[in-house]
Amino acid sequence: MNPHTATPRILDGIAIAAGIKAEVAHQVRQLGPQGITPGLAVILVGDVPASQIYVRSKVKTCGELGIYSEMITPPETITTEEMLDLIAKLNAREDIDGILIQLPLPAHVDTRRLLEAVAPEKDVDGFHPINAGRLLAEGYSGATTSRSGKLALAPCTPAGIMEILRRSDIPIAGKNAVVIGRSDIVGKPAASMLLNASATVTVCHSRTHNLARFTREADILVAAIGRSGFVTPDMIKPGATLIDVGINRITDQSQVDEFFPGDEARAALFAKRGSTVVGDIHPAAFALSGAYTPVPGGVGALTIAMLMQNTVTAARSRRSTLDRA
Ligand code: GUN
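Bear in mind that the values here come from a model prediction, so they are computed numbers and not experimental data.

## A few points about the environment of C62
Part 1: With respect to the element layout, C62 can be found in helix α2 (residues 49-65).
Part 2: Residues C62 and G174, spaced 112 residues apart in sequence, show a C-alpha to C-alpha distance of 37 Å.
Part 3: Ignoring anything within four residues of it in the chain, the contact list for C62 reads L40, I67, S69 and M308.

Shown next as structure tokens:
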């Protein structure tokens, strides 16, 4: 089949996330008779509107899957020392299996110090250096344990990307994977996971010269830079798999016209809400792809599902119900 003319496959993040959440709910039900209810504590500092939306939906999903959750909302003025105290208390609590500190934090607190204070076995974001190091050394092998049998808590968004690829039967081994973006939350761990899955990995970023020369070689392109429609049709290899991590809110009619010409459903949504979201990949590039994750409804849907899985994995591991053989 000529990939230029084939209709691209839409990788439905909502459906894949629903499958994972059903698996997690099943694991939670199995823990019930053992007297175990997995518990997640979410710390949300101050009042960043986007963070409030994310955190609310994390807490809501916990409720749907039978996971206990607790939202802790310190004021913007909290100090690093006070946060360390709070984290120490959560580390010591038997009923809390996962601790998530919603980022970004106010500039006056020492984010790195706080992330390192979370007990690695409760670090459901996978941001602690121990978990980041384990990911690099041992790889991500799906939603339970790493190859060595040790607890593998991997960052949720890149873990979600791997689940989309695997559950959609998109081959990774031997393929050229290009990641645009080198953040600690997405780009770096995504590159490491793709490498562990035997892709040939290139990481591009804001200082990369002639970025398109790399992206045009990509069989799998992961865009995680936070710039609306950054990847244009001329930058992709026809038939490639495009994974769009960007969630960029646009509020100008001119941008809607640029990204979604002739898309009446999108125009109606924009007229109603005054904004809409576009990814890091220009929608015109999707038409040339073999498969792509839409925005919204792609990678974003997986992040919370993977957080739920990490919470249950942490509960099972810490309370010794995971087979560590
Ligand atoms: N802010 C944006 N993405 C994330 C994430 O995955 N985890 C946390 N804790 N904060 C975020």
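## A look at the side chain of T241
Part 1: Within the secondary structure layout, T241 lies in strand β8 (residues 241-244).
Part 2: Relative accessible area serves as the criterion here: at 8%, T241 is assigned to the buried category.

## Some details on the packing of aromatic side chains
Part 1: Here the structure, examined in full by the defined rule, presents two aromatic pairs.
Part 2: Ring geometry for F259 against F260: centres 6.4 Å apart, planes inclined by 65°, an arrangement best described as edge-to-face.
Part 3: Centroid distance F286 to Y292: 4.2 Å. Interplanar angle 10°. Geometry classified as stacked.
Part 4: The class of Y292 is buried, set by a relative accessible area of 15%.
Part 5: In this structure, R266 packs its charged tip against the face of F260, placed 3.9 Å from the ring centre.

## With respect to the site of the ligand
Part 1: The environment of the ligand is formed by L100, I101, Q102, L103, D125 and F127.
Part 2: At 3.3 Å from a nitrogen atom of the ligand is found a side-chain nitrogen or oxygen belonging to Q102.
Part 3: Between the ligand and D125 there is a distance of 2.5 Å, counted from a nitrogen atom to a side-chain nitrogen or oxygen.
Part 4: Protein chains bury 81% of the 270 Å² of accessible surface belonging to the ligand in isolation.
Part 5: Residues belonging to the shell around the ligand are distributed by class as follows: four nonpolar, one polar and one charged.

## Digging into the side chain of N310
Part 1: Summarising the element assignment, N310 is placed in helix α12 (residues 299-318).
Part 2: The exposure class assigned to N310 is buried, which follows from its relative accessible area of 8%.

## Overview of the sheet that holds strand β1 (residues 9-10)
The pairing of strands in a sheet happens through backbone hydrogen bonds and is either parallel or antiparallel.
Part 1: Strands sit in the order β1-β11-β8-β7-β5-β6 across an open sheet of six strands; the sheet is parallel. What marks the edges here is a single partner per strand, and that holds for β1 and β6 (200-204).
Part 2: Here strand β5 (residues 176-180) runs beside strand β7 (residues 220-223); their pairing, made up of four bridges, is parallel. If you follow V179 over to β7, its bridge partner there is V222.

## Some words on the sheet that holds strand β4 (residues 98-101)
Part 1: Spatially, β3-β2-β4 is the arrangement adopted by the three strands of the open sheet, whose pairing is parallel. Edge positions in the sheet fall to β3 (68-72) and β4, since each of these pairs with one other strand and no more. Strand-to-strand twist in this sheet, taken as the mean axis angle between neighbours without regard to direction, amounts to 15°.
Part 2: Direction of pairing for strand β2 (residues 39-43) relative to β4: parallel, over a ladder of four bridges. Its bridge partner lying in β4, I43 is registered against I101.
Part 3: The strands that α2 touches are β2, β3 and β4; relative to β3, the one it contacts most, it runs at about 160°.

Parameters at a glance
- Each chain carries its own residue numbering, running from 1 in the written order of its sequence.
- Local features are withheld for residues below a pLDDT of 70 in this predicted model, meaning they are given only at 70 or higher, and side-chain atom pairs are given and counted only at 80 or more; totals for whole chains, interfaces and linings count all residues.
- Note that water and hydrogens are dropped before the side-chain values are worked out from all heavy atoms of the structure.
- Think of it this way: any DSSP run of H or I at least four residues long counts as a helix, any run of E at least two long counts as a strand, and we number them from the N terminus.
- The criterion used for residue contact is that any of the two residues' heavy atoms lie within 4.5 Å.
- Buried, partly exposed and exposed residues are distinguished by accessible area as a fraction of the type maximum, computed with a 1.4 Å probe on protein chains only: under 20%, between the cut-offs, and over 50%, respectively.
- Paired rings are identified among Phe, Tyr and Trp, the last through its six-membered ring, by centres lying within 6.5 Å, and are further divided according to the angle between planes into stacked (under 30 degrees), edge-to-face (over 60) and tilted (the rest).
- Lysine and arginine charges are scored as sitting over a ring when NZ or CZ, respectively, is within 6 Å of the ring centre and within 35 degrees of the ring normal.
- Here a residue is near a molecule or strand as soon as one of its heavy atoms is found within 4 Å of it.
- N or O atoms within 3.5 Å of each other form a polar contact, as long as, within protein, one can give a hydrogen and the other can take it, and as long as residues adjacent in sequence are counted only when both atoms are side-chain atoms.
- All accessible areas in this document rest on Shrake-Rupley with a 1.4 Å probe, and a residue is counted as covered only by the protein chains that are shown.
- When residue character is reported, Ala, Val, Leu, Ile, Met, Phe, Trp, Tyr, Cys and Pro are called nonpolar, Asp, Glu, Lys and Arg charged, and the others, Gly included, polar.
- By this definition, two strands are paired if DSSP reports at least two bridges between them.
- Simply put, an axis is a line fit to the C-alpha atoms, just over the touching stretch for a helix, and the angle between two N-to-C directions goes from 0 to 180 degrees.

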